[in-house]
Amino acid sequence: MRKNIAVLMGGRSLEREISIKSGQRISNALRALGHNVTKLDIDRSIIDNLTSGRFDLAYIALHGKDGEDGTIQEILEVLGIPYTGPGVYPNVLSFDKINSKQIFNDLEIPAPDFYFLNASSFRELGASKLLSHIVKKLGLPLVVKPSAQGSALGIKLIEKEEDLSNAIISALGYSKKIILEQYIEGIELAVSIIGDKKPEALPVVEIVPENNFFDFESRSKVGKTEYFIPARIQDDEMKKVIDTALSVHGALKCTKLSRVDIIMDKKSRIPYVLELNTSPGMTDTSLLPMAAKEAGISFEELVDKIVKMSIK
């Protein structure tokens, strides 16, 4: 049946450009499926636009701030408009990597060791004096990342202790809290999960970035990364990776869809969870549609599946 669907895109996030690309591609698919589509940028007029449109569904094509932190989901809950992706609580949990990592630890889901610091601890408590202690505990190289950001924005792989301060200053430009994380040398994997009452994993994508680190440039630019689907790992390892991803999806109370990013240690073959994404990209280079295609699901079929699941 033809539905009136608002595609929410753009917004104030640093991932605005990727969001617009995702939203445009989704809008084209929705129109091809016969739906009435209204593209809405996220700004101060969004509530007026949503209340005046009589929408059957809001398709969230937002990434990062406001789109994956529970903000837009809470607005849609108040307005009573069904929407794609997990609800408010899973977005709040997953967007702040400190919260989600603590949950992984509590449930004994493997994740890299980490410490977190915030901006005020550097300004007022002299936290820079802790850095040598952290290096001793986590070793080098280590990863510096904002605690609340997406698409690998602000992430740096640090191989020398003297480079740590600049990486932290850079990461604090993206988030008030930062994570210093143990570096796991291994195989980068992405597990896209779809389904409501019985979530299922799509074929696992193996990611091989040109510079051996899956940063923002590797994620967003064509030709900077090779992808292998299904991932080139053993069957028993594949099962372990999928089981881990489904455990994360459940632990963070996700529904409908998510993407879990994992790195499998080259030596121990343990799948360590890096993070969960509640609004995976839908561009030409995005991992969710790539996995769906391998499963025999076209982009339009994927969008249709998400729409029907979300309206129901």
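Below: a short report on this structure.

Criteria and thresholds
Residues numbered from 1 in each chain as written. Predicted model: local features only at pLDDT ≥ 70, side-chain atom pairs only at ≥ 80, totals over all residues. Heavy atoms only, no water. Pairing = 2+ DSSP bridges. Helix = DSSP H or I, 4+ residues; strand = E, 2+ residues; numbered from the N terminus. Axes fitted to C-alpha atoms, helices over the stretch in contact; angles between N-to-C directions. Contact = heavy atoms within 4.5 Å. Parallel < 35°, antiparallel > 145°, perpendicular 65-115°, else oblique. Nonpolar A, V, L, I, M, F, W, Y, C, P; charged D, E, K, R; others polar.

Thoughts on the sheet that holds strand S5 (residues 142–146)
Phase 1: Pairing in this open sheet of 4 strands is antiparallel, and the strands run S4-S7-S5-S6 from one edge to the other. Pairing within the sheet leaves two strands with one partner each, and these edge strands are strand S4 (114–118) and strand S6 (156–158). Put simply, the sheet's adjacent strands are angled 25° from each other on average, direction ignored.
Phase 2: The sheet strands contacting helix H5 (residues 97–106) are S4, S5 and strand S7 (177–182), and the helix crosses S7 at an angle near 40°.
Phase 3: Along the sheet face, helix H7 (residues 131–138) touches S4, S5 and S7 and points at about 160° away from the line of S4.

Examining the packing of helix H4 (residues 88–95) against H5
Helix-helix packing: each pair is described by the crossing angle between the helix axes and the interaxial distance.
Phase 1: Relative orientation of the contacting elements H4 and H5 amounts to 95°, with a least axis distance of 4 Å. One finds that H4 runs roughly perpendicular with respect to H5. Residue-level inspection shows Val 92, Leu 93, Ser 94 and Phe 95 of H4 in contact with H5, the latter providing Lys 97, Asn 99, Ser 100 and Ile 103.
Phase 2: When the residues that make up the contact of H4 with H5 are grouped by side-chain class, the tally is 4 nonpolar, 3 polar and 1 charged.

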